[in-house]
Amino acid sequence: MRRPIIVANWKMHLGRAEEAVGLVRRIRHPLGRVPGVELVLCPPFTVLAVLAEMLRRSAIALGAQTMHWEDRGPHTGEVSPSMVAALCRYVILGHSERRATGGSDESDAAVNRKVQAALAHGLTPIICVGENAARNEAGETEGFVGAQVRAALAGLTVDQAGRCVFAYEPIWAIGTGRSASPAAANRTIGLTVRGTIADLFGETVAGAVRVQYGGSVTADNIADFMAMPEIDGALVGGASIGTGFVELVRRAVAAR
Ligand code: PGA
């Protein structure tokens, strides 16, 4: 059985300590009472340290929203794997909002380097993949997403591949209020994401890796995604930035 995992991606919000601490103070106890789900908050870098201190004895984990693959060096503005690992257990890698702008280097090859660096530092990478609207309409989802999965996992051992988490996030569904249909997301996650992992590392690893859906997930639609057999949780942006996230998590768990 794969343990569901729900990740809050705060993006560039709540980056001042008083805002972040204020929200976590209101959600941590109610979230702590929801059993059977792994919870990860990914706030901006500026508040990771203060939240790490606050959540030290909590079951809620922290993640970063990106990182560089190098451990040190002349990379102005970048954050290294060891800096992230000092505060977090997770790191989101290859989010489409970063792939789109090329922020730091977010090519498939760079994402692969980051995945390797994350694993080497004991971090769990949450690897984002997903097609844009044009590719979706052209029927290219399977080929495109399959290639992203393949590139992200290049050079990994079976054991390392088994420690990754994937988030399938169709780009056209992110922040648009237009989520994918649960059946279509389930199909892409099963056939393409898990199918590619099975090709590379075998059925056992493919059956163990957790794959989330992301893109306009809300408290109102989370149950429909969680009811799908291939979907192991959600990467939640907009609906994670507020106390409504507690209800979203409750409904997610109730739907399993
Ligand atoms: P959204 O963002 O829930 O606001 O669509 C999801 C994401 O980008 O991870």
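One can find the structure itself at the top, above this paragraph.
Scope of this entry: the structure provided in the associated data block. Values in this document were obtained by computation on a predicted structure and should not be read as measured data.

1. Quick look at the packing of aromatic side chains
Two aromatic rings are characterised by how far apart their centres lie and by the angle between their planes.
At step 1: Throughout the structure, instances matching the rule amount to 1 aromatic pair.
At step 2: Ring centres of Y213 and F225 lie 4.2 Å apart, and the angle between their planes is 5°; on these two criteria the pair is classed as stacked. Remark: F225 occurs in helix α11 (residues 222-226) and Y213 occurs in strand β7 (residues 210-214); sequence separation between them is 12 residues.
At step 3: A cation sits over an aromatic face here: R113 above W69, 4.8 Å from the ring centre.

2. Regarding the site of the ligand
At step 1: Around the ligand, 13 residues are found, and the nearest of them are K11, H95, E169, G175 and S216.
At step 2: A distance of 2.7 Å is found between an oxygen atom of the ligand and a side-chain nitrogen or oxygen belonging to E169.
At step 3: Within the backbone of G175, a nitrogen or oxygen atom sits 2.6 Å from an oxygen atom of the ligand.
At step 4: About the coverage of the ligand: the protein hides 95% of its 290 Å² of free accessible area.
At step 5: Each residue belonging to the shell around the ligand can be placed in one class, and the counts come to 4 nonpolar, 7 polar and 2 charged.

3. A word on the environment of I189
At step 1: Along the polypeptide, I189 turns up in helix α9 (residues 182-201).
At step 2: Considered as a pair, I189 and F166 are 23 residues apart in the sequence and their alpha carbons are 9.2 Å apart.

4. Details of the packing of helix α1 (residues 17-32) against helix α12 (residues 244-254)
At step 1: Running from N to C, α1 and α12 cross one another at 15°; their axes reach a closest spacing of 9 Å. Judged on the interaxial angle alone, α12 and α1 are roughly parallel. Both α1 and α12 take part in a crossing whose hand is right-handed. Where α1 approaches α12, its residues I27, P30 and L31 are matched on the opposing element by F245, V246, V249 and R250.
At step 2: Residue classes in the contact of α1 with α12 are distributed as 6 nonpolar, no polar and 1 charged.

5. A closer look at the side chain of S240
At step 1: Along the chain, S240 turns up in the loop between β8 (233-236) and α12.
At step 2: Using a relative accessible area of 0% as the deciding quantity, one classes S240 as buried.
At step 3: One polar contact links the side chain of S240 to the main-chain carbonyl oxygen of V236, over a distance of 3.1 Å.
At step 4: Here G237 takes part through its backbone oxygen, which lies 2.7 Å from a polar atom of the side chain of S240.

Conventions used here
Residues numbered from 1 in each chain as written. Predicted model: local features only at pLDDT ≥ 70, side-chain atom pairs only at ≥ 80, totals over all residues. Heavy atoms only, no water. Phe/Tyr/Trp six-rings, centres within 6.5 Å; stacked < 30°, edge-to-face > 60°. Helix = DSSP H or I, 4+ residues; strand = E, 2+ residues; numbered from the N terminus. Lys NZ or Arg CZ within 6 Å of the ring centre and 35° of its normal. Near = heavy atom within 4 Å. Polar contact = N/O pair within 3.5 Å; in protein donor to acceptor, adjacent residues only side chain to side chain. Areas by Shrake-Rupley, 256 points an atom, 1.4 Å probe, with all protein chains shown as cover. Nonpolar A, V, L, I, M, F, W, Y, C, P; charged D, E, K, R; others polar. Axes fitted to C-alpha atoms, helices over the stretch in contact; angles between N-to-C directions. Parallel < 35°, antiparallel > 145°, perpendicular 65-115°, else oblique. Left-handed = near helix turned anticlockwise from the far one by under 90°. Contact = heavy atoms within 4.5 Å. Buried < 20%, exposed > 50% of the residue type's maximum accessible area, 1.4 Å probe, protein only.

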